[in-house]
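Summary of the model geometry
Below, each chain spelled out in residue letters.
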Amino acid sequence: EDKVVQSPLSLVVHEGDTVTLNCSYEVTNFRSLLWYKQEKKAPTFLFMLTSSGIEKKSGRLSSILDKKELFSILNITATQTGDSAVYLCAGLIQGAQKLVFGQGTRLTINP
Amino acid sequence: GAGVSQSPSNKVTEKGKDVELRCDPISGHTALYWYRQSLGQGLEFLIYFQGNSAPDKSGLPSDRFSAERTGGSVSTLTIQRTQQEDSAVYLCASSLGTSGRWGEQFFGPGTRLTVL
């Protein structure tokens, strides 16, 4: 059975801290790993990673995929209160073109 | 441009009633997905439509759930004889459905369904 596991499930830090969110996956016919940010209801797309070892960056956020260890991390530097959200990781199944989501990491940034 | 829209935003119903949830994808997006998110959980895939192909219904939890997509655009998810365990946020997403862009799914705001 396809599975995506995120850790930690919950994280509380102070503004300015750097955080690392973890995602491991066991997905047959794996194509890509995606990260989404969910603040209220609608998840918003952050990154799609297909190749191993290539870091993707957007401002203070960055992510990398390790296809040998079946693992991805999402880093957020100099965190701000607006980064508070649930961060979802998902594996994209090739052919079926559907996403298998992890349970999410709830990140809280305190001022 | 307009994003994915869903209606209603909230729906409260009694156990045993049927409900219909609607999704309007982004114009030009050929792929449409339905997901369910129970409290504190990740998203659970329900069904996927791509163009005129037969939908992938592998995620529908029971035969009380069905979905259709008319004219390759608007989709409705129907839940018959609702049960309390159907209470969740139902999210719709669409994507361009082209090679390399499958994963960039754009989500609607969801419909929060509460079955009493």
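All of these numbers come straight from a predicted model, not from anything done at the bench.

1. What about the packing of aromatic side chains?
For any pair of aromatic rings, the description consists of the separation of the ring centres together with the inter-plane angle of the planes. Evaluated as defined, the whole model comprises ten aromatic pairs over all chains. With a centroid separation of 5.5 Å and an interplanar angle of 90 degrees, the aromatic rings of Phe101(A) and Tyr35(B) are classed as edge-to-face. Placement of Phe101(A) in strand 10 (residues 98-101) and of Tyr35(B) in strand 4 (residues 31-37) is noted, with the two residues assigned to different chains. Taking relative accessible area as the criterion, Tyr35(B) reaches 0% and is therefore assigned buried. Look at Tyr33(B) and Tyr35(B): their rings are 6.3 Å apart centre to centre, the planes differ by 20 degrees, and that puts the pair in the stacked class. Here the aromatic residues Tyr36(A), Phe45(A), Phe101(A), Tyr33(B), Tyr35(B), Phe45(B), Tyr48(B) and Phe107(B) are joined through ring pairs into a cluster of three or more.

2. With respect to the sheet that holds strand 6 (residues 56-58) of chain A
All names here are of chain A. Strands sit in the order 1-3-8-7-6 across an open sheet of five strands; the sheet is antiparallel. Of all the strands in the sheet, just strand 1 (3-7) and strand 6 have a single pairing partner and so form its edges. The sheet shows a mean angle of 15 degrees between the axes of neighbouring strands, taken without regard to direction. One ladder, built from six bridges, connects strand 3 (residues 19-26) with strand 8 (residues 71-76); its direction is antiparallel. Counterpart to Val19 in the pairing with strand 8 is Ile76.

3. Structural notes on the sheet that holds strand 1 (residues 5-7) of chain B
Residues and elements named next belong to chain B. Strands sit in the order 1-3-7-6 across an open sheet of four strands; the sheet is antiparallel. Across the chains shown, the open sheet's two edge strands, defined by having one partner strand only, are strand 1 and strand 6 (65-69). Averaged over neighbouring strand pairs, the angle between their axes works out to 15 degrees when direction is ignored. Two elements, strand 1 and strand 3 (residues 19-24), share three bridges in a ladder whose sense is antiparallel. From the neighbouring strand, Ser5 faces strand 3, where its bridge partner is Asp24.

4. Notes on the interface of chain B and chain A
Often, the extent of an interface is quoted as the loss of accessible area upon association of its parts. Contacts between the two partners involve 26 residues from chain B, matched on the other side by 18 residues from chain A. For the pair chain B and chain A, the summed buried surface comes to about 1,700 Å²; carbon and sulfur atoms form 57% of the total. Linking chain B to chain A there are one salt bridge. Across the pair Asp56(B) and Lys98(A) runs a salt bridge whose closest N-O atoms are separated by 3.7 Å.

Reading guide: rules and limits
- Residues numbered from 1 in each chain as written.
- Chains lettered and ligands numbered in written order.
- Predicted model: local features only at pLDDT ≥ 70, side-chain atom pairs only at ≥ 80, totals over all residues.
- Heavy atoms only, no water.
- Phe/Tyr/Trp six-rings, centres within 6.5 Å; stacked < 30°, edge-to-face > 60°.
- Helix = DSSP H or I, 4+ residues; strand = E, 2+ residues; numbered from the N terminus.
- Buried < 20%, exposed > 50% of the residue type's maximum accessible area, 1.4 Å probe, protein only.
- Pairing = 2+ DSSP bridges.
- Axes fitted to C-alpha atoms, helices over the stretch in contact; angles between N-to-C directions.
- Contact = heavy atoms within 4.5 Å.
- Buried area = accessible area lost by both parts, 1.4 Å probe.
- Salt bridge = Lys/Arg side-chain N within 4 Å of Asp/Glu carboxyl O.

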